[in-house]
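Notes for the structure review
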Amino acid sequence: MSSMRPMNKLAADAAHPDMTTAGDRRVPHGDDARARTQRLADAVRSLFGRTEDHAPPPPAAPEPRELTLFDRIGTFFEAHNLEPTPAHYELVHGYLTNADRKLVDAVDRAVAREGQLSAESAELILAEVRTDMSAELLADLIDKAQMGLTEIAGVAKQSRADATAYGQALETQVAGLAGFAPENVLATLVQLTSSMIERTRAAEAQLRDAGKQMNELRGSLAEARRVAESDALTGLANRRAFEAKLRRAVGHAREQGKPLALAFCDIDHFKKINDTHGHDVGDRILKFVAQRLASASSNNCYVARHGGEEFVMLFQDMEVDEAARIVDDVRADLQDRRLIAKQSGEPIGQVSFSAGVAGLAAGENGRQMLRAADQALYRAKREGRNRVVTAEG
């Protein structure tokens, strides 16, 4: 048995010339071991579809995904620290989709002044937009109702004309009754005439009642129109009424070759007033400032609340410098007053406003003039507030 073992070892060495033995273990030579290790590594890489010489390129970086409207709304909420409430979603959706130019302009102004859109500004803007939408709908219904009244009046007038024509036609038929027995002819005419008179009187009574009702309705519609064009809090004209007035004033200025000036006013630090004293006091401040501005109004001056704490004054047949002087007189009068909260007796202190004044330049429309006044207002705010600045011509 012992003589067989060396033979087995020699046989093993012959079968594996790249191996040496160490005890009972086969050990590869150094160079051969490295080669086998490399082959084993290559086999493993091949098993997983990779080789060192032909490794696939690293995956390409994904292309940036285009933001959806939902993503943009979420980004806007985060940038402005807004709570994702339904009202805020409605506002931001309208802003990002450019659904309402007035809403977009109001948001842009708020961001420019405050650095971001606060929840308070968002609430004021949304309330103003909703009010405008309701006012426009109401005004449209008023216009349609007035058209209906005009049509009814036309029908009533035509009915009276038809009744008159029928009576005249009846008279012309008298000659055609010749040849009948006199008593029969007379009875027929009396019956027809009596019936016609009765119907005519009834129709006239109905028309008189309808006319009276239409006059009353016209008065109600006129009142409804006044409400639709008025600001509920201050009693001034609202933005819708002002824009209609501005269009007419621009047309008049163009036709007559007369000057036209516009002032854009904004209460200073109004948010701080609301935060410190509450919205009830803020509403009283709005009404008080509105009264002071309205005190300067005349046949040539038209004052309206444009939205939030913003007011506009339109000066027909007036140059910019004169309009700016009138606005500055109101500003100076207001700054000299020291206001007190009526319910608490707590002093509110000085309340002021800033204003920008612009004139109608050649080739401009009302919206451009309003924008120029708004830019002058920005300058007044940047320069320290509580001042009136005229637009750079």
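Heads up: the structure comes first, above all this text.
Now for a look at the structure at hand.

Definitions and cut-offs
- Residues numbered from 1 in each chain as written.
- Predicted model: local features only at pLDDT ≥ 70, side-chain atom pairs only at ≥ 80, totals over all residues.
- Heavy atoms only, no water.
- Helix = DSSP H or I, 4+ residues; strand = E, 2+ residues; numbered from the N terminus.
- Contact = heavy atoms within 4.5 Å.
- Polar contact = N/O pair within 3.5 Å; in protein donor to acceptor, adjacent residues only side chain to side chain.
- Buried < 20%, exposed > 50% of the residue type's maximum accessible area, 1.4 Å probe, protein only.
- Pairing = 2+ DSSP bridges.
- Salt bridge = Lys/Arg side-chain N within 4 Å of Asp/Glu carboxyl O.
- Axes fitted to C-alpha atoms, helices over the stretch in contact; angles between N-to-C directions.

You can see N365 is positioned in the loop between β8 (353-359) and α12 (366-382). Linking N365 and L246, residues 119 residues apart in sequence, is a C-alpha distance of 9.4 Å. Beyond its immediate stretch of four places on either side in the chain, N365 contacts R254 and L360. A polar contact of 2.8 Å, which involves the side chain of N365, links it to the backbone nitrogen of Q368.

Turning our eyes to something else, we now look at unusual backbone geometry. Its identity is not glycine, yet H269 carries a phi of approximately 50°, on the positive side. Within the secondary structure, H269 is located in the loop between β3 (260-267) and α9 (270-277). H269 gets classed as partly exposed once you look at its relative accessible area, which sits at 48%. Of note in the backbone geometry, N386 takes a positive phi value of approximately 55° without being a glycine.

Take the pairing of β3 next. The side chains of a regular strand alternate between both faces of the sheet. The element β3 is extensively covered by neighbouring structure, given that eight of its eight residues are classed as buried. Alternating positions in β3 separate into two faces, L260, L262, F264 and D266 on one and A261, A263, C265 and I267 on the other, with burial throughout. One ladder, built from seven bridges, connects β3 with strand β5 (residues 310-316); its direction is antiparallel. The partner of L260 across the bridge, within β5, is Q316.

Counted by the stated rule, this structure contains 13 salt bridges. With its nearest N and O atoms 3.4 Å apart, the salt bridge here joins E310 to R109. Pair noted here: E310 is in strand β5 and R109 is in helix α5 (residues 101-114), with a separation of 201 residues, a long-range link. Accessibility assignment for this pair places E310 and R109 in one class, buried.

Another aspect to go through is the sheet that holds β5. Within the open sheet, the five strands sit side by side as β4-β5-β3-β8-β9. Their pairing is mixed. The sheet is open, and its two borders are formed by β4 (301-307) and β9 (388-390), each paired with just one other strand. Within this sheet the neighbouring strands show an average axis-to-axis angle of 20°, counted without direction. With three bridges joining them, β8 and β9 adopt parallel strand pairing. Residue pairing across strands places V357 opposite T390, the latter belonging to β9. Contacts from helix α10 (residues 279-294) reach β3, β4, β5 and β8, with the element oriented near 10° to β5.

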